[in-house]
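Reading the structure
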Amino acid sequence: MLLGCIADDFTGASDLANTLARQGMSTVQFVGVPDKPALECEAGVVALKTRSIAPEEAVAQSLVALDWLLEQGCQQIFFKYCSTFDSTPQGNIGPVAEALLDALGAHSAVVCPVFPAAGRRLFMGHLFVNDRLLSESGMEKHPLNPMIDPDVRRWLRLQTKGEVGFVGYKQVRMGPEEIAAALEAEAGAGRRLIVIDAVEDDDLFAIAAALVGQKLVTGGSGLALGLPENFRRAGLLGKQSAPYTRLSGPGVALSGSCSTASQAQLAHYLKSHPGLALDPAELMAGRQTPDMAVAWIREHLDSQPMVYSTADPKQVAADQIRFGRQELAERIEGFFRMLATKLVEAGVVRIAVGGGETSGSVVAGLDAHSLLIGPEIDPGVPALAAIGTRPVRLALKSGNFGAPDFYEKALNALGDG
Ligand SMILES: Nc1ncnc2c1ncn2[C@@H]1O[C@H](COP(=O)(O)OP(=O)(O)OP(=O)(O)O)[C@@H](O)[C@H]1O
Ligand SMILES: O=C(O)[C@@H](O)C(=O)CO
């Protein structure tokens, strides 16, 4: 394994794995830190669920992942977080990145959440989602990590021990040599985490070309566009990826994301498919159970039904006040985990999931140890084949990714009904 990646959630991991695979690296996504040597691959992406847990715990899990990746012979480590920089003033991006720098004995690392294909661009240190600042994009209402400051430098500095560096767009446009020199200057001044502007894929390729030999790279999946080329130029690539195949059989959609895109996708899907809404009050009282959902799904199995907790921000905020943000999130995630286990027992073989935390819960319920990367469904969302469990094909969609008809397209891409 040449490139070892640590992703702070499951959809982020498959987004990154998708980019690396498309750019010609044989890539496998691992479900947590494996307890044995890796399946053969050039890039390994360890999917953790560390985005929304306590910073110390996120650091500890990331360091275990790092140790395992180094044991597999990785030459470079990629810490993948969300292209909307999902985090709180406490972490977890800053604490994990600093801990990885220390553990690797690295002097510095770039911080670049940019993903132009999904409209995430960084200019003058400010993160945009399409033509809106991050803090006006809907992300300011995120149920777990409201993003209320678009200045990535300022937000990251709340989370770090050290000062945060910056390389602006003017220098990025000058190309890899200038970028490398600007990064060196920031690192020389003791700023170890260096936010770097990027607007289009060309910028990301130029930045990646400047990162040859860096022990640690941090960012969104966009930054991974140019990394395979560094290994290719060094004559290190050539392994074939394990083949992905579609799988036909019953399909189900599960949506736990409350993002703006997820709400539109849900509305679109429910026009032509049956849907079962989770009711927070019933869930918290234990009156709505995974067994009840499975019984309902069995009745609608021919129509690719959807189970969803997706709700609008006002409803989410009211329920969080009533039941507690964390308690409610855990209950909903626990529900999806148990549901996933029961779905495969009921013969479901295609599952399309919306939301990173939700996807982490669903995959935990499946008991898979690795995921093979198939064709891209929408930008950042590949079809996946689960290994180590009953045969299942998956699509794990980040909250804000995907076209309005994503779920239909995803289930069709995974196989036939
Ligand atoms: N109706 C609801 N009320 C309160 N919390 C909810 C509700 N539905 C889902 N949640 C919780 O909100 C969180 C949504 O996070 P998730 O990562 O799944 O989606 P997302 O943040 O939109 O996606 P991504 O992280 O990929 O951008 C989960 O913890 C989920 O359990
Ligand atoms: O970078 C992104 O936006 C996604 O891969 C993700 O991490 C959302 O959970």
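Reading the values: rules and limits
Residues numbered from 1 in each chain as written. Chains lettered and ligands numbered in written order. Predicted model: local features only at pLDDT ≥ 70, side-chain atom pairs only at ≥ 80, totals over all residues. Heavy atoms only, no water. UniProt positions renumbered as here; feature names shortened; annotations may be inferred. Near = heavy atom within 4 Å. Polar contact = N/O pair within 3.5 Å; in protein donor to acceptor, adjacent residues only side chain to side chain. Areas by Shrake-Rupley, 256 points an atom, 1.4 Å probe, with all protein chains shown as cover. Helix = DSSP H or I, 4+ residues; strand = E, 2+ residues; numbered from the N terminus. Nonpolar A, V, L, I, M, F, W, Y, C, P; charged D, E, K, R; others polar. Phe/Tyr/Trp six-rings, centres within 6.5 Å; stacked < 30°, edge-to-face > 60°. Buried < 20%, exposed > 50% of the residue type's maximum accessible area, 1.4 Å probe, protein only.

If you look the protein up in an unreviewed UniProt entry, it shows as 3-oxo-tetronate kinase from Aquamicrobium ahrensii. In UniProt, the protein has this text filed under Function (unreviewed entry): "Catalyzes the ATP-dependent phosphorylation of 3-oxo-tetronate to 3-oxo-tetronate 4-phosphate." Regarding the protein, the UniProt comment filed under Sequence similarities (unreviewed entry) reads as follows: "Belongs to the four-carbon acid sugar kinase family."

Attention now moves to the site of ligand 2. Around ligand 2, the neighbouring residues are D9, T11, G12, D15, R51, K80, Y81, C82, S83, R120, S398 and F401. Taking D9, its side chain carries an N or O atom lying 2.8 Å from an oxygen atom of ligand 2. Considered on its own, ligand 2 offers 270 Å² of accessible surface; in the complex 96% of this is hidden by protein. Residue contributions to the shell around ligand 2 peak at 3 residues, all from helix α1 (residues 10–22). For the shell around ligand 2, the per-class residue count stands at 3 nonpolar, 4 polar and 5 charged.

Okay, the packing of aromatic side chains next. Scanning all chains against the criterion turns up 8 aromatic pairs. A ring pair is formed by F30 and W68, whose centres lie 5.2 Å apart and whose planes are at 70 degrees; its orientation type is edge-to-face. On the criterion of sequence distance, the pair formed by F30 in strand β2 (residues 27–31) and W68 in helix α2 (residues 55–71) is long-range, its members being 38 residues apart. Looking at W68, the relative accessible area reads 5%, which means it is buried. Taken together, a centroid distance of 6.0 Å and an interplanar angle of 65 degrees make the contact between Y269 and Y407 edge-to-face. On the criterion of sequence distance, the pair formed by Y269 in helix α9 (residues 260–270) and Y407 in helix α15 (residues 406–414) is long-range, its members being 138 residues apart. Each member of the pair, Y269 together with Y407, is buried. A network of ring pairs unites the aromatic residues F79, Y81 and F85 as a single cluster.

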